[in-house]
Amino acid sequence: MPRSAQSVIRVLLVEDEPKLRKSLVEGLQLEEWHVMGAASSAEAWHHLDTEVFDLIVLDWMLPDGDGLEIVRRLRTQGNSVPVLMITARAGASAAVQAKQSGATDYLAKPFSFDDLLSRCRALLTGAS
Ligand code: CA
């Protein structure tokens, strides 16, 4: 379903590392996207249960759980929002595991902000 050109893009960014979360939120806000930051799985669900997002940027390892569990639960609920996993787990097996859990794309840490942004843009236009 195409997104209305007038609508504000809403992004949920889940990352427990405070400096990284702050820099990513601020960087994505420069795109004039509406970006919500969450530091844990519980915070992420607080937003997911009450709001609709166009994109989720999701850290794999969270202090109170596993980011892949969030993706699995979203897919079980029938939510097809694009999910970009970000993780220090490198390698092909991690990427395969992320996709099998329902993640749309996968980006290994450390990554450049430009790389993250181009992945986000691709996911928002359905070009992934
Ligand atoms: Ca983490």
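Per chain, residue numbering runs from 1 following the sequence as it is written. Local features in this predicted model are restricted to residues of pLDDT 70 or higher, and side-chain atom pairs are both shown and tallied only at a pLDDT of 80 or more, whereas totals for entire chains, interfaces and linings draw on every residue. Think of the side-chain values as coming from all heavy atoms in the structure, minus any hydrogens and water.

Engineer: Any chance you could explain the packing of aromatic side chains here in plain terms?
Structural biologist: In this analysis, rings of Phe, Tyr and Trp, with Trp reduced to its six-membered ring, are considered paired at centre separations within 6.5 Å, and the interplanar angle assigns stacked below 30 degrees, edge-to-face beyond 60, and tilted for intermediate values. Under the defined criterion, the tally for this structure stands at 0 aromatic pairs. For R73, the ring lying beneath its charged end belongs to W45, and the centroid distance is 3.7 Å. As a reminder, the over-ring test applies to NZ of lysine and CZ of arginine, requiring each to be within 6 Å of the ring centre and within 35 degrees of the ring normal.

Engineer: What am I meant to see in the pairing of strand β3 (residues 55-59) here?
Structural biologist: Side-chain direction in a regular strand flips from residue to residue, so the side chains alternate between the two faces of the sheet. Exposure categories follow from relative accessible area, calculated using a 1.4 Å probe and restricted to protein chains: below 20% of the type maximum is buried, above 50% is exposed, and the middle band is partly exposed. Secondary structure elements follow DSSP: runs of H or I of four or more residues count as helices, runs of E of two or more count as strands, with numbering from the N terminus. Burial within β3 is extensive, with 5 of its 5 residues counted as buried. Every second residue of β3 is oriented toward a common face, with L55, V57 and D59 on one face and I56 and L58 on the other, all of them buried. Paired strands are those between which DSSP finds at least two bridges. Sheet topology places strand β1 (residues 10-14) next to β3; 4 bridges connect them, and they run parallel. The residue bridging V14 from the neighbouring strand is L58, located in β3. The pairing of β3 with strand β6 (residues 83-87) spans 4 bridges and is parallel. Residue pairing for β6: V57 is matched across the bridge by L84.

Engineer: Please clarify how the nonpolar core should be interpreted in this entry.
Structural biologist: One broad rule of soluble globular proteins: the nonpolar side chains tend to lie buried together. Put simply, a nonpolar core is a bunch of buried Ala, Val, Leu, Ile, Met, Phe, Trp, Tyr and Cys residues held in one set by side-chain atoms that sit within 4.5 Å of each other. By size, the foremost hydrophobic cluster in this structure holds 22 residues, and its most contacted members are L48, L58 and M85. If you list the elements that add at least two residues to this core, you get β1, α2 (41-48), β3, α3 (67-76), β6 and α4 (92-100). A total of 4 residues in this core trace back to one element, the largest contributor, which is α3. In what follows, residue pairs with any heavy atoms lying within 4.5 Å of each other are defined as contacts. If near-sequence neighbours (up to four positions away) are discounted, L48 is found in contact with L12, F53, I56, I70 and L74. With 19 residues, the next largest nonpolar core counts L24, V57, L84 and L117 among its residues.

Engineer: How should I be thinking about the pattern of salt bridges in this particular structure?
Structural biologist: Side chains that differ in sign of charge can pair as their charged atoms come close. Whenever a carboxyl oxygen of Asp or Glu lies within 4 Å of a side-chain nitrogen of Lys or Arg, that contact is scored as a salt bridge. This model, assessed by the stated rule, comprises 8 salt bridges. Put simply, E15 and K109 hold a salt bridge, and the shortest N to O gap is 2.9 Å. Of this pair, E15 sits in the loop between β1 and α1 (18-29) while K109 sits in the loop between β7 (105-108) and α5 (113-124), and the two are 94 residues apart along the sequence. Residues D115 and R119 are paired through a salt bridge, measuring 3.7 Å at the closest nitrogen-oxygen approach. Remark: R119 and D115 occur in helix α5; sequence separation between them is 4 residues, near one turn of the helix. Using a relative accessible area of 28% as the deciding quantity, one classes D115 as partly exposed. Judged by its relative accessible area of 25%, R119 falls in the partly exposed class.

Engineer: What is the right way to read the sheet that holds β1 from this model?
Structural biologist: Adjacent strands of a sheet pair through backbone hydrogen bonds, lying either parallel or antiparallel. One open sheet accounts for 5 strands, arranged β2-β1-β3-β6-β7; its pairing is parallel. Of all strands in the sheet, those bounded by a partner on one side alone are β2 (34-38) and β7. Neighbouring strand axes in the sheet, compared pairwise and without regard to direction, differ in orientation by 15 degrees on average. Where β6 lies against β7, 4 bridges are found, and the strand directions are parallel. By the bridge assignment for β7, M85 is matched with Y106. Interaxial angles span 0 to 180 degrees and are taken between N-to-C directions of axes, which are lines fitted to C-alpha atoms, for helices over the stretch in contact. Contacting β1, β2 and β6, α1 runs over the sheet at an angle of about 170 degrees to β2. Lying over the sheet, α3 contacts β3 and β6, oriented at roughly 170 degrees with respect to β6.

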